[in-house]
Amino acid sequence: MPATERLREHFWGIDLNSGNIELTKREDMYCYFIVEHTTDPEYAFKQALSLLVAGCRNFVFFGKAEAIWHLQTDHADIQMNPEMEEVALTSSIDTFDDFVDELAELLSIRPFVPFYTYLIYDDRDIYAEVLKRLRIAGKIV
C-alpha cells in the first residue's frame, strides 16, 4: 500500500509508518488520526508541528495512543502560538463507530470552498475497516 493514497477528491489516506508527514500548505485542513501503536511523544509533537505549519487546524484522534497525540498536538499549538488562545481544534473519539460516523459526516459536507481531509493511520487493519464503512456509506468509491 502506498504511503499516501487518494481516496476521493480532497480526501487522502496517509500511512504514519512511512515516515514524517509533509503536506503542501493549504487552508481548511482536517486531520483524522488512527493511532494504535505510535506512542513516542516527541514524534507526535514533531508531526503535529508539521501539520500545523501546513495549515491543519482540526485534529481528531482515535486509538490506544490518542491521549498522547491529543496532548502533543495541544503542546505544539501552544508553542506555535504562545500569545494566542489555541488555534487548533483538537478532539478525541472513544469508539470506532463514532469515529467513522464523524468522518462520514464531514465527508458529506459540500462547501463552496473545498477543504482537504487526511486520514492518517498507523494500523492498516483499522484503516481498511474505516474505508470499508465509508464505502458502504457511499462516501468513497
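The structure displayed is predicted, hence computed values, not measured ones. (Residues numbered from 1 in each chain as written. Predicted model: local features only at pLDDT ≥ 70, side-chain atom pairs only at ≥ 80, totals over all residues. Heavy atoms only, no water.)

**Some details on helix α3 (residues 96-108)**
The α-helix winds at 3.6 residues per turn, so residues separated by three or four positions along the chain end up facing the same way.
Moving on, step 1. In a regular helix each residue adds 1.5 Å, so 13 residues correspond to 18 Å; α3 covers 18 Å between its end C-alpha atoms and thus fits that length.
Moving on, step 2. Taken together, the buried positions of α3 are F96, F99, V100, L103, A104, L106 and L107. For α3, the angular spread of the buried residues around the axis is 160°, confining them to a single face.
Moving on, step 3. Those residues of α3 hidden inside the fold are in contact with β1 (4-8), β2 (11-15), β3 (29-34), β4 (56-62), β6 (116-121) and α4 (124-136). (Helix = DSSP H or I, 4+ residues; strand = E, 2+ residues; numbered from the N terminus. Expected span 1.5 Å × (residues − 1). Buried < 20%, exposed > 50% of the residue type's maximum accessible area, 1.4 Å probe, protein only. Arc of directions from axis to C-beta. Contact = heavy atoms within 4.5 Å.)

**Examining α4**
Moving on, step 1. Across its 13 residues, α4 extends 18 Å between first and last C-alpha, which sits within 8% of the 18 Å expected from 1.5 Å per residue.
Moving on, step 2. Where α4 is concerned, the buried positions are I126, Y127, V130, L131 and L134. Down the axis of α4, the sector holding all buried residues measures 140°, keeping them to one side. Exposed side of α4, more than 90 degrees from the buried face: D125 and I136 are the residues found there.
Moving on, step 3. The secondary structure elements touched by the buried residues of α4 are β1, β2, β3, β4, α3 and β6.
Moving on, step 4. Sitting at the head of α4, D123 places a side-chain oxygen 3.1 Å from the backbone nitrogen of D125.
Moving on, step 5. Where α4 ends, the next residue or the one after it, G138, has phi of about 80°, a positive value. (Polar contact = N/O pair within 3.5 Å; in protein donor to acceptor, adjacent residues only side chain to side chain.)

**A few points about the pattern of salt bridges**
Moving on, step 1. Tallied over the full model, the rule gives five salt bridges.
Moving on, step 2. The shortest N-O distance in the salt bridge between K46 and E42 comes to 3.1 Å. Of this pair, K46 and E42 both sit in helix α1 (residues 41-54), four residues apart, which is roughly one turn of the helix.
Moving on, step 3. For D97, the salt bridge identified is with R133, shortest N-O distance 2.5 Å. (Salt bridge = Lys/Arg side-chain N within 4 Å of Asp/Glu carboxyl O.)

**With respect to the state of the cysteines**
Moving on, step 1. Going through the model one piece at a time under the given rule, you end up with one disulfide.
Moving on, step 2. Put simply, C31 and C56 are joined by a disulfide, and their sulfur atoms are 2.5 Å apart. Here the residue C31 occupies a position in strand β3, and C56 occupies one in strand β4, the gap between them amounting to 25 residues. (Disulfide = S-S within 2.5 Å.)

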